[in-house]
Amino acid sequence: MNTLLFPVILAGGKGERFWPLSRKDRPKQFLSLDGSSRSLLQATADRLIQLAGGWDSLWVITSSQIAEGVRQQLPDLPVENLLIESEGRDTAAAVAWTSLEIKRRYGEDAVIGFFPADHWIADQEAFAHTLSAATQLAASTAAIVTLGIKPTFPSTGYGYIEQGEKIGSFNELPAYHVNRFTEKPNRETAETFLSTGRFSWNSGMFVFRAGVVLKELHTHAPEIIEPLEQHGPDIYPQLPKKSIDYALMEKTTLAYVLPVDFGWDDLGDWNAIERLLKTEDTPNVELATHVGLDTQGAIIYASNPEDVVVTIGLEDVVIVRDRNVTLVVKKERTQEIKQILKILQSDSRFTDLL
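The model shown is predicted, which means the values in this text are computed figures rather than measured ones. (Residues numbered from 1 in each chain as written. Predicted model: local features only at pLDDT ≥ 70, side-chain atom pairs only at ≥ 80, totals over all residues. Heavy atoms only, no water.)

## Some remarks on the environment of L173
For L173, the location among the structural elements is in strand β8 (residues 173-182). C-alpha separation for the pair L173 and N324, spaced 151 residues apart in sequence, amounts to 49 Å. Beyond its immediate stretch of four places on either side in the chain, L173 contacts H129, T130, A133, G168 and L258. (Helix = DSSP H or I, 4+ residues; strand = E, 2+ residues; numbered from the N terminus. Contact = heavy atoms within 4.5 Å.)

Here it is in structure tokens:
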């Protein structure tokens, strides 16, 4: 089976936990975080364009604040394939609107895949093999297919998918009915999940036929799909703000999972840089000119190559120097960057830092 896939890049996120490098005018998806010359958005498009068979089949949905940046980063993307949200309403609205548009143009049997713009994939060939399997499953079955990442440690920062009955193999990959989705567990629960061998991380990547997902949205999220059908995207600011997981995936009986292992990271915060770039023979991850004395386990980044970061006696910290801001935080507390941004937002002196 050689069914065409219409990949959609979800590019509306803010990437706040990568502040101060990620800001309103330059969110995380516009950054290169792996030392390459390609931004996360460009790298995502690079690996999807081959699966789409060309730019005409690739779509992007983003926010009005950064739409111009998307155009600059992806100049070959057809203008009609860029959907611009007037206001961010989370992923359920994004999936609903894009699915309606693709169905209108290509029919209800069009197979659509949704992919966050800011993920890192190690093995591109294995990724393509997996997407071929997911496309085959979605084309042949009334299925909402999710890619489940094989866990490498008992993470408390990811959602989990429990696989149920095996329904067959596609492109030599086993597929399972989903028993349940579980939000971020505590460490003991995560360890239990791993010990069973039945759980995978929820990657946030989905594949389905347009007609299948729209029918399921009518059943489980009519408050989102019906206003969009009746009024179009002008109704966007009035739509409820819900994730596709909460609005649909946790409720549908058509969820299937392909457990996969192609090297994946959602690049959730600065600690992801260490997972990508740390080597055994170096004490720190340095994307800066760094002079250190007795400093180890540090992640050090400076956007200006002329800036010099000097450290003495530090351990397990993140130091980021970008423009007029320097961030210093213990690695175990990088999730709290969002709280700092709320403090900055409340003080007019700091609005230019956001």
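Now, onward.
## A word on the pairing of strand β17 (residues 325-330)
Look at any regular strand and the pattern is simple: side chains alternate between the two faces of the sheet. Only one face of β17 is buried, namely the one carrying V325, L327 and V329, since none of T326, V328 and K330 on the opposite face is buried. Between strand β16 (residues 317-322) and β17, which pair antiparallel one after the other, the connecting turn spans 2 residues, and R323 there sits at a positive phi close to 50°. (Buried < 20%, exposed > 50% of the residue type's maximum accessible area, 1.4 Å probe, protein only. Pairing = 2+ DSSP bridges.)

## So, the environment of L344
Inspection of the secondary structure puts L344 in helix α10 (residues 337-345). Apart from the residues within four sequence positions on either side, L344 is in contact with W19, F350 and L354.

## Regarding the sheet that holds strand β14 (residues 299-302)
Ordered by their spatial adjacency, 4 strands build an open sheet running β12-β14-β16-β17, and the pairing between neighbours is mixed. At either end of the open sheet lies a strand with only one pairing partner, and these are β12 (285-287) and β17. Between one strand axis and the next, the sheet turns by 5° as a mean value, whatever way the strands run. Where β12 lies against β14, 3 bridges are found, and the strand directions are parallel. In the sheet register, E286 faces β14, and the bridge partner there is I300. (Axes fitted to C-alpha atoms, helices over the stretch in contact; angles between N-to-C directions.)

## What to know about the packing of helix α3 (residues 90-106) against helix α6 (residues 210-220)
Where α3 contacts α6, the axes come no closer than 9 Å and their chain directions differ by 135°. One element, α3, and the other, α6, form an angle in the oblique class. Our pair here, α3 against α6, has a crossing hand that is left-handed. Contacts between α3 and α6 involve V95, A96, S99, L100 and K103 from the first element and A210, V213, L214 and L217 from the second. (Parallel < 35°, antiparallel > 145°, perpendicular 65-115°, else oblique. Left-handed = near helix turned anticlockwise from the far one by under 90°.)

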